[in-house]
Every structure is written in C-alpha cells, then in structure tokens.
Amino acid sequence: MSSKVPPDFSKSDEDQFEDAQTRTDYNERTVDEVIEKVTGLSMKRPIESDNEEFHDCANDGQAGTSATEDAAHPSEVQSTSSEPPDDSSVAPHEDDLIDEDSQRDYECGLSDEEKAANKSKADELKQQGNELFKQGEHRQSVDMYTKALRLCPLDCKEDRAILYANRAAAKAKVDRKLSAIEDCTKAIEYNPKYLKALMRRANLYEETDKLDESLEDFRKVSELDPVNGEARAAETRLPPKIAERNEHLKEEMMGKLKDLGNMILRPFGLSTGNFEMKQDPQTGSYSINFKQNANQ
C-alpha cells in the first residue's frame, strides 16, 4: 500500500511540482521493470494520439469547478456561457486554447479588485492542477492549468510562465509533445530566462527529432547556467547526431535525384552513370563531365 509524501512547505510550489514529476517518472519505471521481470511481458505504455479528444475534468466533479463557473468572460472561446464546453461538440483539444486577445479586451473592463480576485482564483486552480499532477491525473491537471490561464491577469507574466510550463509537463505525460512544445514557447515568451521551460522544450525537441532546435535551446541554457551538466552533455551529444542525420538526408536526396535522372535519360539510351560530378575543393562548386563509354 503506497503512502503519500507530506508536502514540504519549505519549497516553492514550482519546486514541489518538479519533485512530484521526478517521483512519478521513477515510480512508473520501477513498477514496469518489476512486472517485466516477473511475467516476461513488455510494459511499454501505449502512445496516445495527439488528436485524441481532451477529457474535461469538470465533468468528473473535480474540486475547483465552482471557481470557474462564475468567471465567464471572452477568453472562454469555446462557448458563450460560463459552463465548460462539452468534449463531444468541439474539435480535439480545442478546449485548452487560450485566446489572449479576447482576454486582454475582457481585462480592460475590470477593476483592480476584480483582477486581484481573478488572480486569487487562478492560484487556487494552479494548486489543484499541481495536486492532480502529483496523483498522476495528467489530463485533469491540463484542464486546471488551462482554467487558471484564462483567469490569471496577462500582466502577471511570471505566474503565466509557470502555468504554461506546468501545463507543458502535463501534456508531455499524455504524449502531446507538440502541444507541450507550444506551451514551453509561451512560457519562454513571458520569461525568456526561464531555465526549466528552456530545458523542457530542449528535451521535447530532441524527443521529436528536432535536433537543431534542441541544440539551440541547450546552448541558451548553458549561457544562462554555465554549470548545467545536462545542457553541456547535450552540446557534446547532439552535433554528431545532427551531422549523421544530415549525411543520411544528403544520401537519400542524391539517391532520389539519381533515380529521377535515370528516368529522364533512359529514352536517350543514357543513365546518370554517363556523367561524372566533381567538386572544386576551393570554391565548393560542382562540375559535370560526360563519360562516353560508361557502363549503363
């Protein structure tokens, strides 16, 4: 029987969130390894499609629903009412879109007291999202962070950056990596020196084979934190992988060009074997010479 780890109030909300994410990753790996060893069965977790419809946790009666029911404003872009949208009537993941232009218009009509009230509600929703994340309820935590973002005032840049970064972590857990990258980007727009968001996006870029972008983010992390070991290791690991990928793409492209050339030359009794391509070592340009007696 598992026991809950009591919260460490000496740590910030963000640090507790990161600790919970680390424990979740470790526990999932440990359980899978034990099952695989005993049964011999593979415990690879099924990959959920990024097009799967998002499940609104408000339909499950999660705590915090009342905090958003009376907060209807234009940022709730899916519906003109204050009720959360029905998942069956919207496009996949449309219910976690954030319309900041509408939110900006809405906030223009609010008093300072109303903005402060919305900020307080957003903080409560963030805490609920953090708790859901710790419990492994990642889809529901995405929903809580979304509701918090729709209430958190746009001028609270640091808070919005954390909300986007936390939502990215939750989306990554349900294999919505591309959407998670977008959330990391929003977090970095609000706080360009947000190391955790940069690191998270760098890792997501690498996991989705966007190696150049990943290396760029890791280099930014190194600039901000020169002693960051993970970033320094990535700066050593990624360049050879990028070079290998580029060489593979080059060979693939040349093969396709050769096939195309043979198709064009075949009616004339020729092939690409009749031509020799040489590169000038000084200029880098190529010259093509015709070989009359080349094997076809």
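Quick caveat: nothing in here was measured; it's all calculated off a predicted structure.

Visitor: I keep staring at the overall build of the protein and nothing clicks. Help me out?
Guide: The helix and strand tally for the protein stands at 10 helices and two strands. Secondary structure elements of the protein, listed N to C terminal, follow the sequence α-α-α-α-α-α-α-α-α-α-β-β. Looking at the protein as a whole, 38% of its 296 residues qualify as buried. Within the protein, contacts between residues at least 6 apart in sequence are counted, and of these 57% link residues at least 24 apart.

Visitor: I would appreciate a short explanation of the side chain of Asp217 in the present structure.
Guide: Relative to the helices and strands, Asp217 resides in helix α9 (residues 211-224). Contact partners of Asp217, with chain neighbours within four places excluded, come to Leu198, Arg201, Ala202 and Tyr205.

Visitor: It is not clear to me how the nonpolar core should be interpreted in this structure. Could you clarify?
Guide: As a rule of thumb, nonpolar side chains are buried together in soluble globular proteins. Counting residues in hydrophobic clusters, the biggest one holds 37 residues, and the most contacted among them are Leu163, Tyr164, Ala187, Tyr194, Ala197, Phe218 and Leu238. Among the secondary structure elements, those contributing two or more residues to this core are α4 (112-134), α5 (138-151), α6 (157-173), α7 (177-190), α8 (195-207), α9 and α10 (229-265). It is α6 that provides the largest number of residues to this core, a total of seven residues. For Ala197, the contacting residues outside a window of four places in its chain are Ala165, Cys184, Ala187 and Ile188. Counting six residues, the second-largest nonpolar core is a separate cluster that includes Ala180, Ile181, Cys184 and Leu204.

Visitor: How should I be thinking about the packing of aromatic side chains in this particular structure?
Guide: Ring pairs (aromatic) are described by centroid distance and by the angle formed between their planes. Counted by the stated rule, this structure contains one aromatic pair. Between Tyr164 and Tyr190, the aromatic rings sit 6.2 Å apart at their centres with planes inclined by 20°, giving stacked as the arrangement. Of this pair, Tyr164 sits in helix α6 while Tyr190 sits in helix α7, placing them 26 residues apart in sequence. Accessibility classification places Tyr164 together with Tyr190 in one group, the buried group.

Visitor: What's the story with unusual backbone geometry in this structure? I'm lost.
Guide: Residues apart from glycine generally show negative phi values, whereas peptide bonds are mostly found in trans. Positive phi is not limited to glycine here, since Asp175 has a value of about 65°. Within the fold, Asp175 resides in the loop between α6 and α7. For Asp175, a relative accessible area of 25% corresponds to the partly exposed category.

Visitor: Help me understand α10 in this model?
Guide: Every α-helix winds through 3.6 residues per turn, so residues three or four apart in the chain are directed the same way. End to end, α10 covers 54 Å across 37 residues, agreeing with the expected 54 Å (1.5 Å per residue, within 8%). The largest bend in α10 amounts to roughly 25° and is located at Arg237, with the proline Pro239 lying one to four residues further along. Within α10, the full set of buried residues consists of Ala231, Ala234, Leu238, Ile242, Gly261, Asn262 and Leu265. Between a side-chain oxygen at the N-terminus of α10 and the backbone nitrogen of Glu230 the separation is 3.2 Å; the capping residue is Asn228.

Visitor: How should I be thinking about the packing of α9 against α10 in this particular structure?
Guide: Geometry of a packed helix pair, given as the angle between the helix axes and the separation of the axes. Running from amino to carboxyl end, α9 crosses α10 at an angle of 155°, the nearest separation of the two axes being 9 Å. As summarised for this structure, α9 and α10 are arranged roughly antiparallel, according to the angle between their axes. Two packed elements cross with a definite hand, and for α9 against α10 that hand is left-handed. When α9 is examined against α10, the residues Leu211, Asp212, Ser214, Leu215, Phe218, Arg219, Val221 and Ser222 are found in contact with a partner set consisting of Glu230, Ala231, Arg232, Ala234, Glu235, Arg237, Leu238, Pro239, Lys241, Ile242 and Arg245.

Visitor: Help me understand a nonpolar patch on the surface in this model?
Guide: A grouping of Met253, Met254, Leu257, Leu260, Met263, Ile264, Phe275, Met277, Tyr286, Ile288 and Phe290 is seen on the molecular surface, where their side chains present a nonpolar patch of about 1,100 Å² in accessible area. At the level of elements, α10, β1 (275-279) and β2 (286-290) are the ones that each hand at least two residues to the nonpolar patch. Counting residues per element, the nonpolar patch draws most heavily on α10, which supplies six residues. Positionally, Met254 belongs in helix α10.

Here is what the cut-offs are and how they apply
- Residues numbered from 1 in each chain as written.
- Predicted model: local features only at pLDDT ≥ 70, side-chain atom pairs only at ≥ 80, totals over all residues.
- Heavy atoms only, no water.
- Helix = DSSP H or I, 4+ residues; strand = E, 2+ residues; numbered from the N terminus.
- Buried < 20%, exposed > 50% of the residue type's maximum accessible area, 1.4 Å probe, protein only.
- Contact = heavy atoms within 4.5 Å.
- Core = buried A, V, L, I, M, F, W, Y, C linked by side-chain atoms within 4.5 Å.
- Phe/Tyr/Trp six-rings, centres within 6.5 Å; stacked < 30°, edge-to-face > 60°.
- Expected span 1.5 Å × (residues − 1).
- Bend = angle between axes of the 7 residues up to and from the residue.
- Polar contact = N/O pair within 3.5 Å; in protein donor to acceptor, adjacent residues only side chain to side chain.
- Axes fitted to C-alpha atoms, helices over the stretch in contact; angles between N-to-C directions.
- Parallel < 35°, antiparallel > 145°, perpendicular 65-115°, else oblique.
- Left-handed = near helix turned anticlockwise from the far one by under 90°.
- Patch = residues over 30% accessible without salt bridge, like charges linked within 9 Å, V, L, I, M, F, W, Y side chains within 5 Å.
- Areas by Shrake-Rupley, 256 points an atom, 1.4 Å probe, with all protein chains shown as cover.
- Salt bridge = Lys/Arg side-chain N within 4 Å of Asp/Glu carboxyl O.

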